[in-house]
Structures are given as C-alpha cells and as structure tokens.
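# Working through the structure, step by step
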Amino acid sequence: MDTRKAWRNIRWDRGRDQALAVYRSRRGRRVGLGAFIAIVLFGLLGFLAAPSLIRSQIASRASTALGRPVTVGDVSLNPFTLKLVVERLHIGELDGHTAFVDVDRLTANASWASLFRAAPILDELRIEGPHVRIQRSAPQRFNFTDILQRLANQPAAPDTGPARFAVSNIALHGGQVDFDDRVLDATHRIDHLELGIPFIASLPSATDIFVQPLLAMNIDGSPLNARGQTKPFASSRESSITFRFDHLDLARYAGFAPTPLPVALPSGKLTGALALNFVMTEAQPSVRLNGRLKLDELKVTGKDGGALLELGHGDADLTVLEPLTSRYRLGAVTLERASVRYASLPGGKSNVDALMAPAPAAHATPPDAKAAPMDVRIDSLTLKDSHIEYADLAAPSPAHLNLEHVQGTLRGLSTVKARPAVLDVSAQMAGGSVSTQGKVDLSGGNYTGRLALKEVSLPALMPLAPPLLDADITGGKVGAEGTLALEWHDGAKLRLTDTKARLDGFTLVPHGG
C-alpha cells in the first residue's frame, strides 16, 4: 500500500514540475497567451459580430431565392456550442404588405462534427410559433405557386446520389395554418399544431435522441393526435408512429396538389395502415415506411377527359420504403380489373405524353454516373381480369387492338441488376388467345420467353398493318408458337425464332371484287 502511495506522489510531483516548467518558459507563455487571445477574439466575433451578419444574409438570400420580402428580428449565436437562435422571422406576400409566414423563434443546434465530416449535422432543430397563411385561388393555384415555379426554374444541382446530412430532434410547437379556399368559398384552420420527428438523416450520428414521433393538431376545432413509441433499451434508438386512413377520397384532394397535375382524377378511394420507423445505428441511419395500401375504384383521365387508367381494386404490401436512400421493397402487389388505354396520335404523339418527364433543359446538369440508381424490387405482381387497349389514331383509318381478361404474374421484378423476373401472362385477343412465359431483365432492358397464339382472327389484326395488297383478308385464324426476344435498352428490337405457325380458313377478296 505504501509503495503505491509513493508512486502516486512521484507521478504528481513530475506532472507539477512539468507544468511549472512550461509556465516559466517564455515560449510556453507566448503559446498560452496566443491561445487565450484567439479564444477571446473567436468569442467576441461569434457573440457580437456574427449575429448581425447572419441576420442580413438570411434576409437578403431568402428574399432573392423566394422573390418575397423577408425580414428577421433578432439573431443570437453561441460560437462555442454552435447554437443559433433566429427570432421573428417574417416572409411576406408579393404585395410586400400581407403576411405569408411568421415564425416566433427558430433554434438550430449544430454539431462540431459538421466540420470534420464536411456535411451539415444538427443536434436539434426547434420551430416555435409558426403561422402560415395559404390561399387557393384556382385548382393547383396557391399563393406560393410562384415560389415553387421560381425554385423549379433554377439550374439543377449535379446528381451525386443521396444527400449527406443528419438532422436530429426536430420539433414544432404551437403551429397554426389558415387556409382560405376561394375555389370552394370556405376557410379552414389548423391550430395547436405539434410535430415531433426523432431525426431525418443519411449519416450516422451519436446525438442523444430525446424527441419522440408526434403529430397533434386541431382541425377546425376537431382534435387529431398521433403519438409514436420508442424502444427505450434498443441500441438502435428505434421509434415509430402509425397512421391509418379509410377510403380517403383522392378526387377530393387532387385539387389541393401544390402543382398542376398532368392528368385528371375523377375517382379513387385509398385505404391503408402505415408505420413510419426511425432507426439510428452506428452504421447507417434510416427512415423506413412499411404497411399495406388498398386502392378502389380509381379512374385517371387526360385533361381532355379521355380514358387513361382504371383500377377496380389494388392491394400492395409495402415491405420497406427508404426514400432517403432510394430503396423500395414491395411484397405482393395485386391489381384487379385494371384497364389501360394507349393511343397513338398524329405527329408522333400519344395520349400519355403528358405523363412523361420533360426533356432536360439546356442548362441542366447531367446526372452523375457514379450516383446509385433507384432500387425498386417487387416480390410478386398479379394481374386479374384486366384489360389493355391499343388505338392507332394516326393511321388514315383508326385501328384498335384489345387484350381482354388479362391474367398473369410477374415474380422478382427489380430495377437494378439482379436475377431476371419470371413472367407468366395470358389474355384473349381477336377471338383467340395469346400467352407468354419468360424472363424479364428490367435493368438490362430485355425479355426472352415463349410466345403462343391460338385461334386469333387474322382480319381483326389487319387494320393495324400497313396495306400490302389490293385486296381484303376476310377470313382466317392464325396459331403460332415460338421464342420471343425483345430488347428496349438502345431502341426497340423484336425477334421471333424457332417459330411454328398455322393458318386456317384463310380468305382473300380483291378490292371491288
């Protein structure tokens, strides 16, 4: 015992002697004085100079980006803890007088890890007393539509994959939203809005998570409260919140979309139960959505009212959806009484052109080749009693081809490189039947399988073919079997090999004969 005590005294004496030596040395005093002055200057700049600079930058940059007047009341910054507090944030309307958004206080607690990891990391983001005033003057036309258009017209940033960031402990307190719907001549109010999100992140973080999932509000005086649960002893700091909805009328809410829709939605009822999970592990944080969705009596038309898509009933098992990493896993998906219509129009156009993504602008930045592609996988897709219609309205004489009673399954579909999916589908066509069984490589852009036609009426197919003879085919049924190879990666290519065909009851009548 005495020996241990003696060794401790010796170590203490040595440490004290070394500290005194550093203190007495001129170089040590200079280094210490320099460090002290640097810390004092850093504190003075952070506490006194930085707030006014931050306040002016927020106002000027936000005004330029939004095209709206933006003002900030007070700003305070603790340069040692990186805690930023913004008070009385105000965003006005285009007229410069009417208020659009007001926030009493916004607190952002940044982490020093942001410097070392070269990515924004916030330990806490708290918004207190936000008040938003929304006005709808026409379907898909709001008092913030100009902001969305302004942001959409800005040059796109390079696509480098999922953004690297981590924002933890997101909380909103005492929110209020006033909605003036001049289309339906009605007003609505959401007040006492409370929102809690444990984190939204693509980077792991050691931040202590103290905010639980929460969504609470009063909607026109009616309370809505959804509280999440946290696993208290889980190393992943996992928490979740569940949402349920029954026969949500999609047609009613389509007019509230913030941007114009390329189609019309006359009907559709959505039912489901979804669980939003927040999991923070040392390897990778994730925000996951899973559950089940049902869709009934869906009808989608073009702006002209022409039919595009109808669905009697749809059922989808959402195994896990991770939007932050572009990873989507679906289990069994069933579509019953689906109806799809495709029409080829004059001028090389079609009835689905409005649904296609617009061509990139000349100033748009090309996507990064190294960015990870969207990963979508479906265990099984089942079609029951469905219908596909093709209409050639560009020809001198309109022609139609209908596939009736389409039945089939597609198993193991993937948008990234994986084992090819297995397709087995059949339908009735032109008085006969058509079926195919094969393998689909969606990422490779090809399909290979067996194709079979049975008792298909040849006269019903002829309007789809260019005129080759000065005669009409008035009778005949064709049957065929062969191997079908279809490629669409670099343009559409179709090949039929090992084909056996049979034609019965063929009749050819000359024009005017």
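Quick caveat, the model's predicted, so the values are computed rather than measured. (Residues numbered from 1 in each chain as written. Predicted model: local features only at pLDDT ≥ 70, side-chain atom pairs only at ≥ 80, totals over all residues. Heavy atoms only, no water.)

## Some details on the overall build of the chain
- Secondary structure assignment for the chain yields six helices and 24 strands.
- Buried residues in the chain amount to 34% of all 513 residues.
- A separation threshold of at least 6 residues defines the contact pool for the chain, and within that pool the share at least 24 residues apart is 57%.
- Carbon and sulfur atoms make up 60% of the accessible area of the chain, which amounts to about 31200 Å² in all. (Helix = DSSP H or I, 4+ residues; strand = E, 2+ residues; numbered from the N terminus. Buried < 20%, exposed > 50% of the residue type's maximum accessible area, 1.4 Å probe, protein only. Contact = heavy atoms within 4.5 Å. Areas by Shrake-Rupley, 256 points an atom, 1.4 Å probe, with all protein chains shown as cover.)

## Thoughts on the nonpolar core
- Counting 21 residues, the largest nonpolar core has Leu 318, Leu 330, Leu 410, Leu 423 and Val 440 as its most contacted members.
- Here this core gets five residues from one element, more than from any other, and that element is strand β20 (residues 421-429).
- Beyond its immediate sequence surroundings of up to four residues, Leu 410 is in contact with Asp 379, Ser 380, Leu 381, Ala 421, Val 422, Leu 423 and Val 440.
- Core analysis: the next-biggest nonpolar cluster, separate from the first, contains 17 residues, Val 72, Leu 84, Leu 89 and Val 103 among them. (Core = buried A, V, L, I, M, F, W, Y, C linked by side-chain atoms within 4.5 Å.)

## A look at the environment of Ala 171
- Here Ala 171 is to be found in strand β7 (residues 166-181).
- On a C-alpha basis, the gap between Ala 171 and Thr 107 in space is 9.9 Å, while along the polypeptide they are 64 residues apart.
- Those residues within four positions of Ala 171 in sequence are excluded, and the remaining contacts are Leu 125, Arg 126, Ile 127, Leu 195 and Val 211.

## Quick notes on the side chain of Thr 436
- Topologically, Thr 436 is positioned in strand β21 (residues 432-441).
- In terms of polar contacts, Thr 436 uses its side chain to reach the backbone carbonyl oxygen of Arg 450, at 2.8 Å.
- Ignoring any residue separated from it by four or fewer positions in sequence, one finds Thr 436 in contact with Leu 423, Asp 424, Val 425, Tyr 447, Arg 450 and Leu 451. (Polar contact = N/O pair within 3.5 Å; in protein donor to acceptor, adjacent residues only side chain to side chain.)

## A few points about the packing of aromatic side chains
- Evaluation of the coordinates by the stated rule reveals five aromatic pairs.
- Their ring planes at 15° and their centres at 5.1 Å tell us that Phe 142 and Phe 144 sit as a pair that is stacked. The residues Phe 142 and Phe 144 share a single accessibility class, namely buried.
- Feature note: the residues Phe 179, Tyr 253 and Phe 256 constitute an aromatic cluster, connected by ring pairs.
- Sitting over the face of the ring of Phe 100, Arg 68 holds its NZ or CZ atom 5.3 Å from the ring centroid.
- When the ring centre of Phe 256 is taken as origin, the NZ or CZ atom of Arg 136, which lies over that ring, is 4.2 Å away. (Phe/Tyr/Trp six-rings, centres within 6.5 Å; stacked < 30°, edge-to-face > 60°. Lys NZ or Arg CZ within 6 Å of the ring centre and 35° of its normal.)

## Remarks on the environment of Gln 428
- For Gln 428, the location among the structural elements is in strand β20.
- Excluding residues within four positions of it along the chain, Gln 428 makes contact with Asn 402, Leu 403, Glu 404, His 405 and Ser 433.

## Topic: the pattern of salt bridges
- For the structure on display, the rule yields 19 salt bridges.
- Two residues, Arg 327 and Glu 322, come together in a salt bridge whose shortest N-O distance is 2.5 Å.
- The class of Arg 327 is partly exposed, set by a relative accessible area of 30%.
- Ionic contacts of the salt-bridge type, sharing partners, join the residues Asp 74, Glu 87, Arg 88 and Arg 105 into one network. (Salt bridge = Lys/Arg side-chain N within 4 Å of Asp/Glu carboxyl O.)

## Examining a nonpolar patch on the surface
- Among the surface-exposed residues, Leu 468, Leu 469, Leu 503, Phe 506 and Leu 508 lie close enough to one another that they form a single nonpolar patch of about 520 Å² accessible area.
- Positionally, Leu 508 belongs in strand β24 (residues 493-510). (Patch = residues over 30% accessible without salt bridge, like charges linked within 9 Å, V, L, I, M, F, W, Y side chains within 5 Å.)

## Overview of the environment of Lys 299
- Relative to the helices and strands, Lys 299 resides in strand β14 (residues 286-301).
- For Lys 299 and Ala 251, which are 48 residues apart along the polypeptide, the C-alpha to C-alpha distance reads 9.2 Å.

## Re the pairing of strand β8 (residues 186-201)
- With 12 bridges joining them, β7 and β8 adopt antiparallel strand pairing. Bridge pairing in β8 links Leu 172 to Leu 195.
- Connecting β7 to the antiparallel partner β8 that follows it, the hairpin turn spans four residues, and Asp 185 within it adopts a positive phi of roughly 55°.
- Sheet topology places β8 next to strand β9 (residues 214-219); five bridges connect them, and they run antiparallel. Among the inter-strand pairings, Asp 191 is bridged to a residue of β9, identified as Asn 218. (Pairing = 2+ DSSP bridges.)

## Focus: unusual backbone geometry
- Within the chain, His 192 stands out as a residue other than glycine whose phi angle is a positive 50°.
- Mapped onto the elements of the fold, His 192 is located in strand β8.
- Take His 192: its relative accessible area is 55%, and that puts it in the exposed class.
- Positive phi, close to 55°, is recorded for Glu 455, a residue that is not glycine.
- Positionally, Glu 455 belongs in strand β22 (residues 446-457).
- Exposure remark for Glu 455: the relative accessible area of 38% places this residue in the partly exposed category.

## What to know about the side chain of Thr 334
- Note that Thr 334 resides in strand β16 (residues 327-345).
- On the basis of relative accessibility, which here comes to 18%, the residue Thr 334 falls in the buried class.
- Beyond its immediate stretch of four places on either side in the chain, Thr 334 contacts His 313, Gly 314, Asp 315, Thr 382 and Lys 384.

## Describing the confidence of the model for the chain
- Of all residues in the chain, 85% attain a pLDDT of 70 or more, and the chain-wide mean is 85.
- Across the chain, β20 holds the top mean pLDDT of 97, while helix α1 (residues 2-24) sits lowest at 57. (pLDDT = per-residue confidence, 0-100.)

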